[in-house]
Amino acid sequence: MIAYALGRFASLVISLFVASVVIFSMIEVIPGDPAAFMLGVNAREDTIAALRAEMGLDRSLIVRYFDWVSGMLRGDFGQSWTYKAPVADLVADRVWVSLPLAVYALTLSTLIAFPAGILAASHRGGAADVTVMGATQLGVAIPNFWFAMFLVLLFAIKWPVFNAGGFPGWDKGLWTGIKALTLPAIALALPQAAILARVMRSSLLDMLDEDFMRTARAKGLTARQALWRHAVRNALIPVLTIIGLQFSFLLAGGIIIEQVFYLPGLGQLIFKSISARDLIVVESVVMLLVFVVIVVNFAVDLAYAAVDPRLRTK
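Criteria and thresholds
Residues numbered from 1 in each chain as written. Predicted model: local features only at pLDDT ≥ 70, side-chain atom pairs only at ≥ 80, totals over all residues. Heavy atoms only, no water. Helix = DSSP H or I, 4+ residues; strand = E, 2+ residues; numbered from the N terminus. Buried < 20%, exposed > 50% of the residue type's maximum accessible area, 1.4 Å probe, protein only. Contact = heavy atoms within 4.5 Å. Salt bridge = Lys/Arg side-chain N within 4 Å of Asp/Glu carboxyl O. UniProt positions renumbered as here; feature names shortened; annotations may be inferred. Polar contact = N/O pair within 3.5 Å; in protein donor to acceptor, adjacent residues only side chain to side chain. Core = buried A, V, L, I, M, F, W, Y, C linked by side-chain atoms within 4.5 Å. Expected span 1.5 Å × (residues − 1). Bend = angle between axes of the 7 residues up to and from the residue. Phe/Tyr/Trp six-rings, centres within 6.5 Å; stacked < 30°, edge-to-face > 60°. Lys NZ or Arg CZ within 6 Å of the ring centre and 35° of its normal. Patch = residues over 30% accessible without salt bridge, like charges linked within 9 Å, V, L, I, M, F, W, Y side chains within 5 Å. Areas by Shrake-Rupley, 256 points an atom, 1.4 Å probe, with all protein chains shown as cover. Axes fitted to C-alpha atoms, helices over the stretch in contact; angles between N-to-C directions. Parallel < 35°, antiparallel > 145°, perpendicular 65-115°, else oblique. Nonpolar A, V, L, I, M, F, W, Y, C, P; charged D, E, K, R; others polar. Left-handed = near helix turned anticlockwise from the far one by under 90°.

**Focus: the overall build of the protein**
Thought 1: In terms of helices and strands, the protein carries 14 helices and 2 strands.
Thought 2: Looking at the 314 residues of the protein, the share that counts as buried comes to 40%.
Thought 3: The contacts in the protein between residues at least 6 apart in sequence include a share of 72% that link residues at least 24 apart.

So, in structure tokens, the structure goes:
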């Protein structure tokens, strides 16, 4: 188990290094001068050159890359020229919207998908299976921003149970914050629940056809007992992969939903920083999100070893 974990950790470190090089290179090759963009079309050349020097854009790419990476290792993500504030402070303010939203949406997605996938697999070819698969097909086909607009029309306008947008802050109370994130979380969770339910059903059907399931039934276990004691646990490995990927997507990919509900999260920060050509914010926030993705995948790999004992000997 220790050797397996060390191997996965080495892969994590290499992935982070490669990701940092790719992110820095892609951001730096974007056409246009951030200093000229910030000063406007009528700015003088000497003013632009002074701002470029102040922003560190006059240094070589290699020097800027190593300054950026070494700063992040110290917890210094740089200074935003648009917001006139440290990037770490901007992230700290907004991660308490995006992170609870991602956890909330993933929890809803899992609570919906697991029973639906198990129900469909245990009634293969029946009415329950057809109903669940039809619902998941709609969930996969319809984009989450459509769900978001539908939820706003239904539960914020027709029946004003929730607010249409905005986030009051956690200082207003836990229930107030959760209530503000409920509609965005549902909009994010429904398409992901559809994907997860289909994966759960497919993986569980594969397990139900295995020889060990027939052996369990031959030893006297009922179909329900064999399902819950043996099939579900063995079907979790591909499901854990999807859950890990979904958490990463929900944390990093909620830009559209944050725009629909006007939530001050990381997605909105990235969107505004790209529009303002605030490269240091874009680089640092994207790298932070990539770090979360890679760490979550590392945790999923360790969860594999916990679920499947065969991996502990590798």
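**Side note on the pattern of salt bridges**
Thought 1: Summed over the entire model, instances satisfying the criterion amount to 1 salt bridge.
Thought 2: For Asp-129, the salt bridge is made with Arg-201, and the minimal N-O distance between the two is 2.7 Å. Highlighted residues: Asp-129 in helix 6 (residues 127-141) and Arg-201 in helix 8 (residues 174-208), separated in sequence by 72 residues.
Thought 3: The exposure class of Asp-129 is buried, given its relative accessible area of 5%.

**As for the UniProt feature "transmembrane region" (unreviewed entry) in the protein**
Thought 1: According to UniProt, the feature "transmembrane region" (unreviewed entry) maps to residues 12-30, 101-120, 132-157, 177-197, 235-257 and 285-307 in the numbering used here.
Thought 2: With 100% helix and 0% strand, residues 101-120 has its two end C-alpha atoms placed 28 Å apart.
Thought 3: Span residues 132-157 is 92% helix and 0% strand, its end C-alpha atoms 29 Å apart.

**Structural notes on the side chain of Ser-80**
Thought 1: Mapped onto the fold, Ser-80 is located in strand 1 (residues 79-80).
Thought 2: Taking the relative accessible area as the measure of exposure, Ser-80 reaches 1% and is therefore buried.
Thought 3: At a separation of 3.0 Å, a polar atom in the side chain of Ser-80 contacts the main-chain amide nitrogen of Tyr-83.

**Considerations on the nonpolar core**
Thought 1: Among the nonpolar cores identified, the biggest contains 71 residues, and Trp-68, Leu-204, Phe-261, Leu-263, Val-285 and Met-287 are the most heavily contacted of them.
Thought 2: Those residues within four positions of Phe-261 in sequence are excluded, and the remaining contacts are Ala-148, Val-152, Ala-164, Gly-165, Gly-166, Leu-183 and Pro-184.

**Examining unusual backbone geometry**
Thought 1: Despite not being glycine, Lys-84 shows a phi value in the positive range, around 55°.
Thought 2: With respect to the helices and strands, the residue Lys-84 is situated in the loop between strand 1 and strand 2 (85-86).
Thought 3: Backbone geometry places Tyr-262, a non-glycine residue, at a positive phi of 50°.
Thought 4: Relative to the helices and strands, Tyr-262 is located in the loop between helix 12 (255-260) and helix 13 (266-275).
Thought 5: What makes Tyr-262 exposed here is its relative accessible area of 54%.

**Here's the deal with the side chain of Ser-203**
Thought 1: Looking at the secondary structure, you find Ser-203 in helix 8.
Thought 2: Ser-203 sits in the buried class, given a relative accessible area of 7%.
Thought 3: Residue contacts for Ser-203: discarding those within four places in its chain leaves Ala-235 and Pro-238.

**Quick word on the environment of Met-207**
Thought 1: Structurally, the position occupied by Met-207 is in helix 8.
Thought 2: Once the C-alpha coordinates of Met-207 and Ala-235 are considered, the two residues, 28 residues apart in sequence, prove to be 6.4 Å apart.

**Considering helix 5 (residues 87-122)**
Residue pairs three or four apart in sequence face the same way in an α-helix, which turns once every 3.6 residues.
Thought 1: Look at helix 5: 50 Å from first C-alpha to last across 36 residues, which is about the 52 Å you get at 1.5 Å a residue.
Thought 2: If you look at helix 5, its biggest bend is around 40°, right at Val-95.

**With respect to the packing of aromatic side chains**
Thought 1: Scanning all chains against the criterion turns up 8 aromatic pairs.
Thought 2: Aromatic side chains Trp-146 and Phe-147 sit 5.8 Å apart centroid to centroid with 75° between the ring planes, which places their arrangement in the edge-to-face category.
Thought 3: The exposure class assigned to Trp-146 is partly exposed, which follows from its relative accessible area of 40%.
Thought 4: A connected cluster of aromatic rings, assembled from ring pairs, spans Phe-24, Tyr-65, Phe-66 and Trp-68.
Thought 5: The lysine or arginine in question, Arg-94, covers the ring of Tyr-83, its NZ or CZ lying 5.5 Å from the ring centre.

**Thoughts on the environment of Ala-303**
Thought 1: Summarising the element assignment, Ala-303 is placed in helix 14 (residues 279-307).
Thought 2: We classify Ala-303 as partly exposed; its relative accessible area is 25%.
Thought 3: With 66 residues separating them along the chain, Ala-303 and Ile-237 place their C-alpha atoms 8.4 Å apart.

**Overview of a nonpolar patch on the surface**
Thought 1: Side chains of Ile-14, Phe-17, Val-18, Val-21, Val-22 and Met-26 sit close together on the surface and give an oily, nonpolar patch of about 560 Å² of accessible area.
Thought 2: Positionally, Phe-17 belongs in helix 1 (residues 2-28).

**What about the packing of helix 5 against helix 13?**
Thought 1: Following both chains from N to C, one finds helix 5 and helix 13 inclined at 135°, their axes separated by 8 Å at the closest point. Looking at the two axes, helix 5 sits oblique to helix 13. For the pair formed by helix 5 and helix 13, the contact residues are Leu-90, Val-91, Arg-94, Val-95 and Ser-98 on the first element and Leu-266, Gly-267 and Leu-269 on the second.
Thought 2: Of the residues that constitute the contact of helix 5 with helix 13, the class distribution is 5 nonpolar, 2 polar and 1 charged.

**Some remarks on the packing of helix 5 against helix 8**
Thought 1: The contact between helix 5 and helix 8 brings their axes to 5 Å, and the two run at 35°. Note on packing geometry: the crossing formed by helix 5 with helix 8 is right-handed.
Thought 2: Its residues assigned to classes, the contact of helix 5 with helix 8 shows 28 nonpolar, 5 polar and 1 charged.

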